[in-house]
Amino acid sequence: MEKKQYSFFAIIIFCANMVLASPYPEQKTSLTGNIKDKQTGEALPGVTIYIPDLKTGAVSTIDGTYKIENLPSTKILVQVSFLGYKTIIEMIDLSSTASKDFVMEISIKEINEVVVTGTSKATEIRKSPIPIVAIDKNHIDQNLNTNVIDVIAQLPGVSTVTTGPNVSKPFIRGLGYNRVLTLFDGVRQEGQQWGDEHGVEVDEFSVDRIEVVKGPASLIYGSDALAGVVNLMPAPPVLDGILKGSILSNYQTNNGLIGNSFALAGNNNGFVWGGRISNKIAGNYQNKQDGRVYGTSFKETDGNGYIGLNKHWGYSHLKFSVFDDLQSIPDGSRDSTTRRFTKQITEADSVRPIVSEEELNSYTIPLVHQHIQHYKIISTSNFIINNSKLGLNLGYQQNIRREFTHPQRADIAGLYLILNSYTYDIKYHLPEKNGWEATIGINGMYQDNSNKGTEFIIPDYTLFDIGPFAFIKKSFSKLDLSIGLRYDSRSFKNEEMYITQNSETGFDMQTYIPDTVGASHPFLEYIHTFSGYSGSIGATYSLSDNFFIKANIARGYRAPNISEISSNGVHPGINIYQIGNPDFKSELSLQEDLGLFFSSQHLTCELDFFNNNISNYIYNEKVLNDKGQDSIVVPGNQTFQYQAAMAQLYGAEASIDIHPHPLDWLHFENSISILSSLNKGVKGIPITDSAKYLPFIPPMHTHTELRADIKKKFRHFSSVYVKLEMEYFAKQNKAYLAFNTETVTPSYTLFNAGIGVDVTNRSGKVLFSFHMLGNNIADVTYQAHLSRLKYFENYPNNGSGTSGIYNMGRNLSFKLLVPMNFKK
């Protein structure tokens, strides 16, 4: 990234923050009180009192007292939480309340949390009619993941499309790519989401919490949130007067992954700062069918940091990050006799040698690989203005994607894209009146994308998004009602492009001279404005303190992406020739959700139903020639073309968590996800049996976990847990079989396990935490239906009875976390 450009936008965003963050004249106040155990009446030390809208709080002292200073005289939402106790969430008017005591009740499982995703501001998760699920830091640490998106793959209704262990794309209820919006700390993450093997450019070690919205979130976030939102959230700033850090190390046996991360954060009278550096390196993964899978190694280095102010007028934080990933992508080529993997060594690719065992077992990145760099600087702010609030998020990101496909000229990138994104998000929360809470806002982005390589799948383009919206909430005695409306407009233009041969390298190059002799003309100029309305209305009704009913109807909107509209070339990362369609219209969805939630001391149940109808649903389809064989435009690449049709997706998700009395330390968690799809085609054109389902639809999935959480301390050991998991994936025979686009996937069952412990000193301070985790401990040979490597095969009729690349075999992880507290 250009240093001058990065510095320029850093200065602009910083100055905007400082102007808006000038102290407001509102009166400052504080909140004090005591926290006690309901059953014993004893004081509770170590309880966290947190204010999400201000990102500040306190921890109760040894006598159960707490004090939070430098607060505004307005209404705020306060969250009181402590491990093993039921979280208290309460709205407090600080203009009339300076002292507040809390009495906490013992609870086996946390059933109420505050979320900030998919709503206008911090909201109790059980009061939101929109299906939302949250994952905390403990869940992240106590599960084996090779990238940040894999963390959510076990959630009901959530799955991932994978291209090896380090590239995963989130899918929510059968929809993904530009239909699922990924956020980092509430700011949209903009890379090249249209690509199959384009992962999320976020350091997995920097994520402290994940919130997932399952369903249309276009109302708050606009286009690209038609299916839902994944919000990756870093740790909040530390409390005033604290300086602390952490060291994390992780080793995984299957591919030799080595991961390390160091973080440090501080808070001095409201001046907050923090930073993290991380590194991951991995070799080729392995399974019993394929052995070592060539082309799946990677090397990733990340850095991020922030500075900011937490004051009585709110907060303002300036954040930056750097993501650098050297990523191998397999092409599946094998020797026809031995079935061993081969590699490309020449441009003509006429002869491929077998990959040596030495290279297969090394951390070497092949000459043919990808290099992804992502630079980001963002500002997140929330200003208290009397009894109202102003939220302002600004961001600049640059994504550089280079896919090196010329083994004899390893310094020249084939696909070379530079994407600049400028995002803005403004929300104004009006003062509450008679229980009504209203928010108005506007958000969007400007993008420009340019080609610098020798291979061209999409043209240069620019786009501008703008979307104003309004959102209203009202709480009655047992009923919580919400309604919102939004209008989006996307102005899109891609440039006309001519391609000629570079006389120095012999490769293709872009030219701006139309009459160049021998130049091809793959991309025409295209100018269009997409627009649409979105909205939602929902309600949560409390039948009792333990039983809730939720219902929501939402209309989603999505403009087609650049690949769907204008692609016309080879995508080297996935070995296909992609063809777009400039006549596509915006996708529009209508989804109905109905949910039931019950919780008690020893039982938690949830049941969700949904139905989603989408017009102009865009999907990718393989192209065959008149002989029923793969249509080949460019040798070595299959041809795919985007299509559009009416579509329906419907299903249900259920979960039950049992804590048998009196064995409160034992958890028996179960969940199931069922999803069906229908391709309803285009009016007047009948649908064949092979095309009546949609692509990328996950099969029925069940997840069972038996877990023991030992609360009793054993000398220097505490927080001991042991768990055993079983995941079952049913056979997926309702695939998009037309033109051999997809194939049927057999069922399979996986077993996972884990054990962890905190090691303490004599005073009970945690010295370090250790986790030993295992995925696929039975070493099952399987192919996931949403694994793209399933179709990476140059000899499908090889006589072995297998085709494509299989998923990772047994993998064990050894994870060490060392907290460091320098100041209290």
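Scroll up for the structure.
Residues numbered from 1 in each chain as written. Predicted model: local features only at pLDDT ≥ 70, side-chain atom pairs only at ≥ 80, totals over all residues. Heavy atoms only, no water.

Student: What is the right way to look at unusual backbone geometry in this model?
Tutor: Peptide bonds are trans in most cases, and residues, glycine excluded, mostly fall at negative phi. Of note in the backbone geometry, Lys-55 takes a positive phi value of approximately 50 degrees without being a glycine. One can find Lys-55 in the loop between β2 (48–51) and β3 (56–59). According to the relative accessible area criterion, Lys-55 is buried, its value standing at 17%. If you check the backbone angles, Asp-779 has positive phi at about 55 degrees while not being a glycine. Tracing the backbone through its elements, the reader meets Asp-779 in the loop between β44 (766–775) and β45 (811–823). Classification of Asp-779 as buried rests on a relative accessible area of 14%. (Helix = DSSP H or I, 4+ residues; strand = E, 2+ residues; numbered from the N terminus. Buried < 20%, exposed > 50% of the residue type's maximum accessible area, 1.4 Å probe, protein only.)

Student: Honestly, empty space enclosed by the protein in this entry has me stumped. Any pointers?
Tutor: It is a probe the size of a water molecule, rolled over the atoms, that shows where empty space is left. The full count for this structure, using the stated rule, is 11 cavities of 30 Å³ or more. The computed volume of the second largest cavity comes to approximately 190 Å³. For the lining of the second largest cavity, the secondary structure elements donating two or more residues are β23 (314–327) and β24 (369–385). The biggest single contributor to the lining of the second largest cavity is β23, with three residues. (1 Å grid on protein atoms, 1.4 Å probe; cavity = no way out; pocket = protein on both sides within 12 Å on 5 of 7 lines; lining within 4 Å. Points joined across faces, edges and corners; volume = space filled by probe spheres on them.)

Student: What is the right way to look at the packing of aromatic side chains in this model?
Tutor: Given two aromatic rings, their pairing is described by the distance between the two centres and the angle made by the two planes. This model, assessed by the stated rule, comprises 17 aromatic pairs. Geometrically, the ring pair formed by Phe-729 and Tyr-748 is stacked, given 4.8 Å between the ring centres and 20 degrees between the ring planes. Residue Phe-729 is found in strand β42 (residues 717–729), and its partner Tyr-748 is found in strand β43 (residues 748–760); the two are separated by 19 residues along the sequence. For Phe-729, a relative accessible area of 16% puts it in the buried group. Grouped by ring-pair contacts, the aromatic residues Phe-171, Tyr-177 and Phe-696 constitute a single cluster. Sitting over the face of the ring of Tyr-416, Arg-402 holds its NZ or CZ atom 5.6 Å from the ring centroid. Between Lys-474 and the ring centre of Phe-476, over which it is positioned, the NZ or CZ distance is 5.2 Å. (Phe/Tyr/Trp six-rings, centres within 6.5 Å; stacked < 30°, edge-to-face > 60°. Lys NZ or Arg CZ within 6 Å of the ring centre and 35° of its normal.)

Student: In this structure, what is going on with the pairing of strand β1 (residues 28–37)? I would like to understand it.
Tutor: For a regular strand, side-chain orientation follows a simple rule: the groups alternate between the two sheet faces. Alternating residues of β1 divide into Thr-29, Leu-31, Gly-33, Ile-35 and Asp-37, all buried, and Lys-28, Ser-30, Thr-32, Asn-34 and Lys-36, none buried. Alignment of β1 against strand β4 (residues 65–72), held across six bridges, turns out to be antiparallel. Each residue of the ladder has a partner; that of Asn-34, found in β4, is Thr-65. (Pairing = 2+ DSSP bridges.)

Student: Just to check I follow, could you spell out the sheet that holds strand β6 (residues 88–93) for this structure?
Tutor: Strands belonging to one sheet form pairs held by backbone hydrogen bonds; the direction of such a pair is parallel or antiparallel. Here we have four strands laid out as an open sheet, ordered β3-β2-β5-β6, and antiparallel in their pairing. Each edge of the sheet is formed by a strand with only one pairing partner; in this case those strands are β3 and β6. With strand direction ignored, the average angle separating the axes of adjacent strands in the sheet is 20 degrees. (Axes fitted to C-alpha atoms, helices over the stretch in contact; angles between N-to-C directions.)

Student: How should I be thinking about the sheet that holds strand β31 (residues 508–511) in this particular structure?
Tutor: Taken together, the three strands give an open sheet; going across it, the order is β31-β30-β32, and neighbouring strands pair in antiparallel fashion. Looking along the sheet, the strands with just one partner apiece sit at the ends: β31 and β32 (520–523). If you compare each strand with its neighbour and ignore which way they point, the axes differ by 40 degrees on average. By the bridge criterion, two bridges tie strand β30 (residues 497–501) to β32 in an arrangement that is antiparallel. Looking across to β32, one finds that Ile-499 is bridged to Ser-520.

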